[in-house]
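A closer look at the structure
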Amino acid sequence: MSGVNWLPPWALDPATPHGRFRTIAGDRESPHGIGDFYGGPLLDAQLHFARGAGARLRAHPAVLAWDLGNEFSNLREPASARDAAEWSRRLTAALEESSGSR
């Protein structure tokens, strides 16, 4: 799967080049990369999704653990280690609260 980032067009930032992996958005390649998803509206969208997924899969016997993703820095490097840690903390909290997995 490495080598391309599949992103929804609304997540792209025209001021951000795609970086080391090309971006496919919708049905075409884009020269743009993702916006800063460690905060702001893109983090809000992720939190909304995490809460919905957690609620839908609450106590499902097939869910053993939550995984926030692999190599998310391939999409965009965080501005700081603190930003990455806060991103992880907030998504984890949203999943724990909505899924009852605390």
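Please refer to the structure placed before this passage.
Residues numbered from 1 in each chain as written. Predicted model: local features only at pLDDT ≥ 70, side-chain atom pairs only at ≥ 80, totals over all residues. Heavy atoms only, no water.

Take the nonpolar core next. Nonpolar side chains tend toward joint burial in soluble globular proteins. I34, F37, W87 and L91 are the most contacted members of the largest nonpolar core, which totals 15 residues. Within the residue set of this core, elements represented by two or more residues are α1 (40-56) and α2 (81-99). Discounting chain neighbours no more than four positions away, the residues touching F37 are L42, L43, Q46, F72, L75, R76 and W87. (Core = buried A, V, L, I, M, F, W, Y, C linked by side-chain atoms within 4.5 Å. Buried < 20%, exposed > 50% of the residue type's maximum accessible area, 1.4 Å probe, protein only. Helix = DSSP H or I, 4+ residues; strand = E, 2+ residues; numbered from the N terminus. Contact = heavy atoms within 4.5 Å.)

The next subject is the environment of A25. Relative to the helices and strands, A25 resides in strand β3 (residues 22-25). Those residues within four positions of A25 in sequence are excluded, and the remaining contacts are L7, P9 and L12.

Attention now moves to the packing of aromatic side chains. Per the counting criterion, the structure on display carries five aromatic pairs. Measuring from centroid to centroid gives 6.2 Å for Y38 and F72, while their planes differ by 65 degrees, and the two rings are edge-to-face. With Y38 in the loop between β5 (32-34) and α1 and F72 in the loop between α1 and α2, this pair connects stretches of sequence that are 34 residues apart. The exposure class of F72 is partly exposed, given its relative accessible area of 26%. (Phe/Tyr/Trp six-rings, centres within 6.5 Å; stacked < 30°, edge-to-face > 60°.)

Counted at 1.5 Å a residue, the expected span for α2 with its 19 residues is 27 Å, and the 27 Å between its end C-alpha atoms agrees. Here α2 has its buried residues at A84, W87, L91, A93, A94, L95, S98 and S99. Contacts made by the buried residues of α2 are with α1. Taken from the residues just after α2, G100 is the one with a positive phi, measuring 70 degrees. (Expected span 1.5 Å × (residues − 1).)

As a further point, take the pairing of β3. Relative to β3, strand β1 (residues 4-7) is paired through four bridges, and the arrangement is parallel. The residue bridging L7 from the neighbouring strand is A25, located in β3. As judged from the three bridges shared by β3 and strand β4 (residues 28-30), these two strands associate in the antiparallel manner. Each bridged residue has a counterpart across the sheet, and for I24 the counterpart in β4 is E29. What sits between the antiparallel neighbours β3 and β4 is a turn of two residues, in which G26 has the positive phi angle 70 degrees. (Pairing = 2+ DSSP bridges.)

Spatially, the three strands line up as an open sheet ordered β1-β3-β4, and their pairing is mixed. Every interior strand has two partners, whereas the edge strands, β1 and β4, have only one. Strand-to-strand, the axes of this sheet are offset by a mean angle of 35 degrees, without reference to chain direction. (Axes fitted to C-alpha atoms, helices over the stretch in contact; angles between N-to-C directions.)

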